[in-house]
Amino acid sequence: GPQYDPEAILTQAHFALAHLHPENITQRTAVTRDLGMAYHYQGNREAASRAYREAILLSEQSGNSFINMLAATGLGIILESQLALGEAGNWFERVVQLAGNPPTPTACEAYLGLARLAYEQNKLDDCEQLAQQALALAQQIEGIDSVASCQMVLAKRRAAQQDFAGAKLLLNEAAHFLTQQAFPEALMKVADLRVWLLLQQGETETALQLAQSSGSPLGQARALLANGQLQAARTLA
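Read on for a plain summary of the structure.

Counting its regular elements, the chain contains 13 helices and zero strands. Element order for the chain, N to C, with α for helix and β for strand: α-α-α-α-α-α-α-α-α-α-α-α-α. Along the first, second and third principal axes, the C-alpha set of the chain runs to 60 × 40 × 35 Å. Across the 237 residues that make up the chain, the buried fraction comes to 45%. Surface summary for the chain: the accessible area is close to 12,400 Å², and the carbon and sulfur share equals 52%. For the chain, the separation between the mean place of its 16 positive charges and that of its 23 negative charges on side chains is 4 Å.

This is the structure in structure tokens:
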């Protein structure tokens, strides 16, 4: 994947905001959203939320629905990570409303967010529909790993219906996509899900072998716990 340097972006964004004319709403909108992304990437969720909310307000003044959608999606993802699922869903829904019909590809992460929330609520048909929509949109965008993220959500949905073969197939497709596009961090998520899938089927030995060969701390901890090796799992956590 592309190299992303949040430090440099924060420096540039703060400089730009200090020097842009107060009435240059168009530039301010874009720069404020960049600020949110950089904070988000660094894991500073409070600062990211503030910048995203500011970008949303600015984008409404300037009528920039593209930035509005991106910032609202970012805010939704942060709220989801803080387990404020209802509020996260509201922001994702808002993006879907802005995306129109047929939706613009920019909405793919919001559809995917709604698919994850539907999965958590055990609304499996909604999850399927939303994740398929997200996948169709993600396939129209170059240079992002969202296609694989959609396939991973669909794999979990298959597993929830005991369709383990279908789930495995989707994870293989996700891994193939990520290997071609060179997204090593996302590949680790696929490895974690493969371990999880084996554990769902009671294949604890195989799961542990896979977790150890993939070097995934999360996968190894899960597999060790499933094998009753509590102490070993604790050292990884």
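Moving on from the model shown.
Now for the packing of helix α10 (residues 184-200) against helix α12 (residues 217-226). The geometry of α10 relative to α12 is characterised by a closest axis approach of 8 Å and an angle of 15° between their N-to-C directions. Viewed along their axes, α10 and α12 adopt a mutual orientation that is roughly parallel. For α10 against α12, the interelement crossing comes out left-handed. When α10 is examined against α12, the residues Asp192, Val195, Trp196 and Leu199 are found in contact with a partner set consisting of Leu218, Gly219, Arg222, Ala223 and Ala226.

Right, let's get into the packing of helix α9 (residues 164-181) against α10. Where α9 meets α10, the closest approach of the two axes is 10 Å, and the angle between their N-to-C directions is 165°. As the angle between them shows, α9 and α10 are arranged roughly antiparallel. Helix-helix and strand crossings are classified by hand; for α9 and α10 the assignment is left-handed. Residues Phe164, Ala167, Lys168, Leu171, Asn172, Ala174, Ala175, Leu178 and Thr179 of α9 touch α10, and the partners they reach there are Ala186, Leu187, Val190, Leu193, Arg194, Leu197 and Gln200.

What is expected of a backbone is that most residues other than glycine have negative phi and most peptide bonds are trans. Here the amide bond leading from Asn101 into Pro102 is cis, since omega sits at 0°, within 30 degrees of zero. As for its position among the elements, Pro102 is in the loop between α5 (85-99) and α6 (108-120). Of note, the phi angle at Leu83 is positive, near 65°, even though the residue is not glycine. The topology assignment puts Leu83 in the loop between α4 (65-81) and α5. Backbone geometry at Asn122 places phi at a positive 65°, although glycine is not the residue there. Relative to the helices and strands, Asn122 resides in the loop between α6 and α7 (124-138). When its relative accessible area of 59% is taken as the criterion, Asn122 is described as exposed.

Between the first and last C-alpha of α10 there are 25 Å, a value that for 17 residues agrees with the 24 Å anticipated at 1.5 Å per step. Residues of α10 that are buried: Ala186, Val190, Ala191, Asp192, Leu193, Val195, Trp196, Leu197, Leu198 and Leu199. As for α10, its buried residues are in contact with α6, α8 (146-160), α9, α11 (204-214) and α12. Directly beyond the C-terminal end of α10, a positive phi value near 80° is found at Gly202.

Tallied over the entire structure, the rule returns six salt bridges. With its nearest N and O atoms 3.3 Å apart, the salt bridge here joins Arg53 to Glu87. You can see Arg53 sitting in helix α3 (residues 45-62) and its partner Glu87 sitting in helix α5, a full 34 residues away along the chain. On the basis of relative accessible area, Arg53 is assigned to the partly exposed category, the value being 35%. One salt bridge in this structure joins Glu128 and Arg157, with 3.2 Å as the shortest N-O distance. With Glu128 in helix α7 and Arg157 in helix α8, this residue pair connects regions lying 29 residues apart in the sequence. The class of Glu128 is buried, set by a relative accessible area of 16%.

Conventions used here
- Residues numbered from 1 in each chain as written.
- Predicted model: local features only at pLDDT ≥ 70, side-chain atom pairs only at ≥ 80, totals over all residues.
- Heavy atoms only, no water.
- Helix = DSSP H or I, 4+ residues; strand = E, 2+ residues; numbered from the N terminus.
- Buried < 20%, exposed > 50% of the residue type's maximum accessible area, 1.4 Å probe, protein only.
- Areas by Shrake-Rupley, 256 points an atom, 1.4 Å probe, with all protein chains shown as cover.
- Lys, Arg positive; Asp, Glu negative; His and termini not counted.
- Charge placed at Lys NZ, Arg CZ, Asp CG, Glu CD.
- Axes fitted to C-alpha atoms, helices over the stretch in contact; angles between N-to-C directions.
- Parallel < 35°, antiparallel > 145°, perpendicular 65-115°, else oblique.
- Left-handed = near helix turned anticlockwise from the far one by under 90°.
- Contact = heavy atoms within 4.5 Å.
- Expected span 1.5 Å × (residues − 1).
- Salt bridge = Lys/Arg side-chain N within 4 Å of Asp/Glu carboxyl O.

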